[in-house]
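# Structure at a glance
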Amino acid sequence: MKLEILIPQYNETEEVLKPLLDSIEIQQNVDFNDIGVIICNDGSDIILSQEFLDGYSFNITYIKCENRGVSATRNTCLDNATAEYVMFCDADDLFYNACALYIIFEEIKKGFDSLTSLFIEETRNPETKEVVYINREMDVTFVHGKVHNRKFLVDNHIRWNETLTVHEDSYFNILCKTIAKNFKYISVSFYLWKWRDTSVCRHDEKYMLKTYNDVLESNKALVQELLIRGYIEEAQFYVTSMIFEAYYTLNKPEWRMGENEGYKNKVEKSFKSYYTHFKELYNSTPKNIRNEIVVAMKNRMYHEGLILEKITFGDWIKTIEEK
């Protein structure tokens, strides 16, 4: 088998999963003997019927596990995979067009360790609520639109960190990209991150305020893993990037609002622990690399609405260390 599509399932019903499986069923110019799907139920009471699963032309393996979280569930999918390549998909997404798997198989012919593609995000205009489609290029934040050589993952012991259940994607994606000797990016979209009315990360305006501690934990786990594997320069890069991202993020207007003071205080305490833990590594980052990170971060934050720095980086770090 050439490709297995690995899907964690928790609260997703057959109705939610059907568009994804249907989008596989309509694929053109592919042999369904080369395609498999593994769905792992993460301890949910919502059980997919065998009749539903048998309605497709490709093989579907359905595994029921105890509730352990999305990262552990993806690892279970991976442990049960046998195909040459694997792709992690969310149950409520779908393939963007009827040639999606053909595109992937053409890249598989050439071979790669890890592939990242442009993918499409379906969202809504915040004012008019009209449907909007956005191109997401070279994204490492989300699992979407990525394919991996299974042997590459197994041989390099690359797995989802089971302590992470929020912002867990970036840990896995960056680890794959860093370790891959044959990393490939294609500016062709074959995956749609579908809009879902119950999606917390896109509907709760305080989502990042509530989960920024998880961003720090994900980055901390990544940096520690890179250090263990001897990727010192990469660890320096991601530590320095995280420190400056936190500086700019926590000084955005919404973080200074009185109603969000509790979130800010909690994150600043977590950041103090993070900074103390990695201060020596940060200080060892070459100045030219640090300057490049600052320029890139300033440009990104400008586009996210932070125009004026209210406090210098040095003064901010000092206030953090005094907390």
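The structure displayed is predicted, hence computed values, not measured ones.

### Brief notes about the pairing of strand E7 (residues 119-124)
- Among the six residues that make up E7, five are buried, leaving the element largely enclosed by the rest of the structure.
- Where E7 lies against strand E8 (residues 131-136), six bridges are found, and the strand directions are antiparallel. Paired with Glu 121 across the strands is Ile 134, a residue of E8.
- Linking two consecutive strands that pair antiparallel, namely E7 and E8, is a turn of six residues; a positive phi of about 65° is found at Lys 129 within it.
- Two elements, E7 and strand E11 (residues 191-193), share two bridges in a ladder whose sense is parallel. In the strand pairing of E11, Ile 120 is matched with Leu 192.

### With respect to the nonpolar core
- Among the nonpolar cores identified, the biggest contains 55 residues, and Tyr 212, Phe 271, Tyr 274 and Trp 316 are the most heavily contacted of them.
- The dominant element in this core, judged by the number of residues it contributes, is helix H9 (residues 232-249), at nine residues.
- The contacts of Trp 316, once residues within four sequence positions are left out, are Ile 243, Ala 246, Tyr 247, Leu 250, Asn 251, Glu 268, Phe 271 and Ile 311.
- Listed in part, the 39 residues of the second largest apolar core include Ile 39, Tyr 62, Phe 119 and Val 147.

### Thoughts on the sheet that holds strand E1 (residues 3-9)
- An order of E3-E2-E1-E4-E9-E6-E10 is seen for the seven strands of this open sheet, with the pairing classed as mixed. Looking along the sheet, the strands with just one partner apiece sit at the ends: strand E3 (59-65) and strand E10 (183-186). Across this sheet, the average inter-strand angle for adjacent strands is 20°, counted without regard to direction.
- Direction of pairing for E1 relative to strand E4 (residues 85-88): parallel, over a ladder of four bridges. Looking across to E4, one finds that Leu 3 is bridged to Tyr 85.

### With respect to helix H3 (residues 70-79)
- A large share of H3 lies buried, amounting to eight of its 10 residues.
- Restricting attention to buried positions, one finds in H3 the residues Ser 71, Ala 72, Thr 73, Arg 74, Asn 75, Thr 76, Cys 77 and Leu 78.
- Its buried side turned inward, H3 meets E1, strand E2 (35-42), E3, E4, helix H5 (150-155) and helix H6 (169-179).

Scoring rules and cut-offs
- Residues numbered from 1 in each chain as written.
- Predicted model: local features only at pLDDT ≥ 70, side-chain atom pairs only at ≥ 80, totals over all residues.
- Heavy atoms only, no water.
- Buried < 20%, exposed > 50% of the residue type's maximum accessible area, 1.4 Å probe, protein only.
- Helix = DSSP H or I, 4+ residues; strand = E, 2+ residues; numbered from the N terminus.
- Pairing = 2+ DSSP bridges.
- Core = buried A, V, L, I, M, F, W, Y, C linked by side-chain atoms within 4.5 Å.
- Contact = heavy atoms within 4.5 Å.
- Axes fitted to C-alpha atoms, helices over the stretch in contact; angles between N-to-C directions.

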